[in-house]
Amino acid sequence: MRYLQDRIFSFLICAFTALSFVSLLFVIYFIVREAMPLFSEVSPGEFIFGDRWMPIGYTGEPSFGIFNFIAATAAVSFLAIIIALFISIGAASFLCLCTGEGTREGIYSVIDLLAGIPSVVYGFIGIVVLLRIFFRVGVHTGSCVLAASILLSIMLLPVLISSCCESMLRARDEYLLPIKALGVSEWYGLATVIIPASWKNILLAVIPAVGRAMGETMAVMMVIGNANLFPSLLGKSETIPAVIALEMGTAVSGSTHYHALYGAGLVLMVMLFVINTAISILRRRLSRI
Amino acid sequence: MNNALTIEKLSVSYDNKEALKDISLKIPEHRITAVIGPSGCGKSTFLKCLNGQIMEENARVSGKVTLSGTDISKLKPSDLRRKVGLVFQTPAPFPMSIYKNMTYAPRYYGINDREELKRTVTEKLKLTGLYDEVKDELKKSAVKLSGGQKQRLCIARALTVDPEVLLLDEPCSALDIKSTSVIEELLLRLKETYTIVIVTHNLGQAARISDMTAFINDGRLVEFGETGSIFKAPEMEETKDFITGSFG
Ligand SMILES: Nc1ncnc2c1ncn2[C@@H]1O[C@H](COP(=O)(O)OP(=O)(O)OP(=O)(O)O)[C@@H](O)[C@H]1O
Ligand SMILES: [Mg+2]
C-alpha cells in the first residue's frame, strides 16, 4: 500500500515536471515557427540593427528594424533594476539592523500588498502622479524612459526587498556578533561584510526580476510614450512588449508584420536568456572569492 | 599577581528569569581562567557581561565589572571591545581573503600604513601558529580554510586590535581532537601576552590548560580556585558531582 502510494506520487511529480518542460518547449517552438517566415524577407541583421519600423508601407517601403525597441527594453529594465536594487538594499539594511522580528513581519505584509496590485493600476498611478511631475519640470507630455523605469522599479520592489532582506538576515546572523566583538560599528560591518556576503543571493533574486522587468507591458506602455526613438532618460521610446501588445491586434495574420512581431518576441526571449546566463556567470565568479 | 578583571556582585536576568546570581570573582592577569558548568547555567552570559555584549540584549544587569582599574560601564562599547576580545563557538571568518580578515579591524581603527598592517598580520598569524600554513596564500579566501584553521584565524583576528583580555566561548566544540590540541597549545602560548577566559564543556581541556577554574551551576558561582585543587580536591559536594560526571 505504502509502496503503491509512493509510486503514484513520484509518477505524478514526474508527469507534472515533464508537462511543464514540454509546454515550455512548445512555446519556444511556436514562437520560432511563427517568426521564421520573417527572415526570408528581412535579414536578421536588418531586423535587429535597423531603426526604422514601418510595418505597413503607407509612405514608402515597409521596413522592420527593432533596434530602438531592443535598446529601450534593455535601458528601461536595467535602470529599473538598478533603482530597485538601491532601494531594496537600503530597505533591507533598515529591516536587518533597526527592527525586531515583529515589526519586520508587519512591514513585510505591507510590502507584499504592493505585489498584489495589478499593473494597469500601477500604470494609472504612473500617469496621474509620475507623468504629472515630469510634465511640471518640463518634459514634453511627461512620458519618458525615466518615468517608466521608476514605475517599473516600484513594481519590482516587493520581490527584491524580501529576497535582499532574507539573504542579508542570514549574513547578519552569521557575521554581526563577530563584527561587533571587534568593536566595529554595525553599519560599517553591514557595508563591508554583510552586504558583500549577500551579493550572491541577491543576484539570484535579480534573475526573475529581470524577467519581470523585460516582460512588463501594460504599466510601461502607459508612461513611456510609445514612439520609435532611441531611448534617452527624458525622451519617449517604446519597448518590445509594448510594440507587440499595441500592434498584434491589428497585424493581419500571416503578414510580414505579424511574423515580425513574433520575431520581436523571439529577440526578447534571447535577450532574457543572455542576461540570465551573464548573471549566473557573475554569481559563480562571486562564489569563488 | 594583578587582576585583569574584577567582577563584583554581578547579576543578570532575562525577562525576570535570573541567569546569573550575585557572582564575584577576580580574574588574574596572564593566566587562563576556565569557566565550566552544565548547559544553560549561564557561562555564555557571563562572557557577554565581560565584553559588554549583554548591554545590547534585553537583559537586566546589576553589579560591577572592573577592567584593570576602570569600571567597564564607563567605557565606550567600542573601546571596551578593543580591550576585551571575544571568540565564538562557530568560527565565522568574513568572506574575504585571509589578509583582509586580518586587516579588517585595524583599518577600521584608522591604520592604513601598508607596512604596519603587514607587520600586524604576520605577527598575529605567527602567534596563532597559522603563519607557516598560510603565508603563501594570504590572498586566499578565508572561507576555504579547514575548521581548525578558521578558528585560529578568528583568534588571530581578535588579537589584531591588541586586546588585554581574550574571551573564548567553547572555541573547540566544533573541532576534531587534533585541531583542539593545536588550539590548546596556542592558548598556552598566548597567556604570556594576554589574559584568557575560556568557557568549555570539555573538563579535560579545562584541567589541561587552565590555571584557575570557575564552576557555575544554575547561575551561581559554586566554586572558584586553582585548577589543580578544584579538580583534585573540590570543597563543594556539587563541584565534585559535576567533575566526576554525576550530572551535567
Ligand atoms: N537572549 C536571551 N534571552 C532570554 N534568555 C536567555 C538569553 N540568552 C540566554 N538566556 C537564558 O539564560 C540562561 C543561561 O544561558 P547561557 O547561554 O549563558 O548558558 P550557557 O551556560 O552558555 O549554556 P551552553 O553551555 O549550552 O552554551 C539559559 O537558561 C538561557 O535560556
Ligand atoms: Mg554557551
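Before reading further, recall that the structure is shown in the block above.
These numbers were taken from a predicted model, which means no experiment stands behind them.

1. Some details on the overall build of chain A
Here is step 1 of the chain: Broken down by element type, chain A carries 10 helices and 2 strands.
Here is step 2 of the chain: Ordered by position from the N terminus, the helices and strands of chain A form the series α-α-β-β-α-α-α-α-α-α-α-α.
Here is step 3 of the chain: For the C-alpha atoms alone, the extent of chain A along its principal axes is close to 75 × 70 × 35 Å.
Here is step 4 of the chain: Per-residue burial over chain A gives 43% buried out of 289 residues.
Here is step 5 of the chain: Long-range contacts, defined here as pairs at least 24 residues apart, represent 71% of the contacts in chain A between residues at least 6 apart.

2. A short note on the packing of helix 4 (residues 114–127) of chain B against helix 6 (residues 147–159) of chain B
Residue and element names in this part refer to chain B.
Here is step 1 of the chain: Two numbers describe how helix 4 lies on helix 6: the axes approach to 9 Å, and their chain directions differ by 130°. Taken together, the axes of helix 4 and helix 6 lie oblique to each other. The interaxial crossing formed by helix 4 with helix 6 has right-handed handedness. Between helix 4, through Lys-124, Leu-125 and Leu-127, and helix 6, the contact on the second element is made entirely by Leu-153, Ala-156 and Leu-159.
Here is step 2 of the chain: Among the residues forming the contact of helix 4 with helix 6, the class breakdown is 5 nonpolar, no polar and 1 charged.

3. Some words on the site of ligand 1
All names here are of chain B.
Here is step 1 of the chain: Around ligand 1, 13 residues are found, and the nearest of them are Ser-39, Gly-40, Lys-43, Ser-44 and Thr-45.
Here is step 2 of the chain: Glu-170 places a polar side-chain atom, nitrogen or oxygen, 3.4 Å from an oxygen atom of ligand 1.
Here is step 3 of the chain: His-201 places a polar side-chain atom, nitrogen or oxygen, 3.1 Å from an oxygen atom of ligand 1.
Here is step 4 of the chain: Out of a free accessible area of 630 Å², ligand 1 has 66% covered by protein chains.
Here is step 5 of the chain: Only strand 2 (17–28) and helix 1 (43–51) provide two or more residues apiece to the shell around ligand 1.
Here is step 6 of the chain: Examining the composition of the shell around ligand 1, we find that 3 residues originate from one element, helix 1, more than from any other.

4. Regarding the environment of A:Ser109
Here is step 1 of the chain: Turning to its location among the elements, A:Ser109 is positioned in helix 4 (residues 101–115).
Here is step 2 of the chain: Of the residues examined, A:Ser109 reaches a relative accessible area of 44% and is grouped as partly exposed.

5. Concerning the packing of aromatic side chains
All names here are of chain A.
Here is step 1 of the chain: Following the criterion strictly, the structure yields 14 aromatic pairs over all chains and no others.
Here is step 2 of the chain: Aromatic pair Trp-53 and Phe-69: ring centres 5.6 Å apart, planes at 75°, arrangement edge-to-face. Of the two residues, Trp-53 sits in strand 1 (residues 53–54) while Phe-69 sits in helix 3 (residues 67–97), which places them 16 residues apart along the sequence.
Here is step 3 of the chain: Take Phe-69: its relative accessible area is 2%, and that puts it in the buried class.
Here is step 4 of the chain: With centroids separated by 6.1 Å and ring planes inclined at 20°, the aromatic side chains of Phe-67 and Phe-230 adopt a geometry described as stacked.

About the thresholds
- In this convention, every chain numbers its residues from 1, walking through the sequence in written order.
- Going through the entries in the order they are written, you letter the chains from A and number the ligands from 1.
- The predicted origin of the model limits local features to residues at a pLDDT of at least 70 and limits the giving and counting of side-chain atom pairs to 80 or more, whereas totals for whole chains, interfaces and linings rest on all residues.
- Heavy atoms throughout the structure, all of them, feed into the side-chain values; hydrogens and water do not.
- Strands are runs of DSSP state E lasting at least two residues, helices are runs of H or I lasting at least four, and both sets are numbered from the N terminus onward.
- The buried label applies to any residue whose accessible area, calculated with a 1.4 Å probe on protein chains only, is under 20% of its type's maximum; exposed applies above 50%, and partly exposed to all values in between.
- We call two residues in contact when some of their heavy atoms are within 4.5 Å.
- Between N-to-C directions, angles span 0 to 180 degrees; the directions come from axes that are lines fitted to C-alpha atoms, helices contributing only their stretch in contact.
- Small angles under 35 degrees read as roughly parallel and large ones over 145 as roughly antiparallel, with 65 to 115 read as roughly perpendicular and the rest as oblique.
- Crossings are assigned a handedness: left-handed for a near helix turned anticlockwise from the far helix by less than a right angle, right-handed for a clockwise turn.
- We call Asp, Glu, Lys and Arg charged. Ala, Val, Leu, Ile, Met, Phe, Trp, Tyr, Cys and Pro are nonpolar, and the rest, Gly among them, are polar.
- Nearness of a residue to a molecule or strand requires only that one of the residue's heavy atoms be within 4 Å of it.
- In protein, a polar contact means a hydrogen-donor-capable atom and an acceptor-capable atom, both N or O and within 3.5 Å, with residues adjacent in sequence counting only if both atoms are side-chain atoms; elsewhere, any N or O pair within 3.5 Å suffices.
- Method for areas: the Shrake-Rupley scheme with a 1.4 Å probe, in which residue coverage is limited to the protein chains shown.
- Two rings from Phe, Tyr or Trp (for Trp, the six-membered ring) form a pair when their centres are within 6.5 Å of each other. A pair whose planes differ by under 30 degrees is stacked, one over 60 is edge-to-face, and the rest are tilted.

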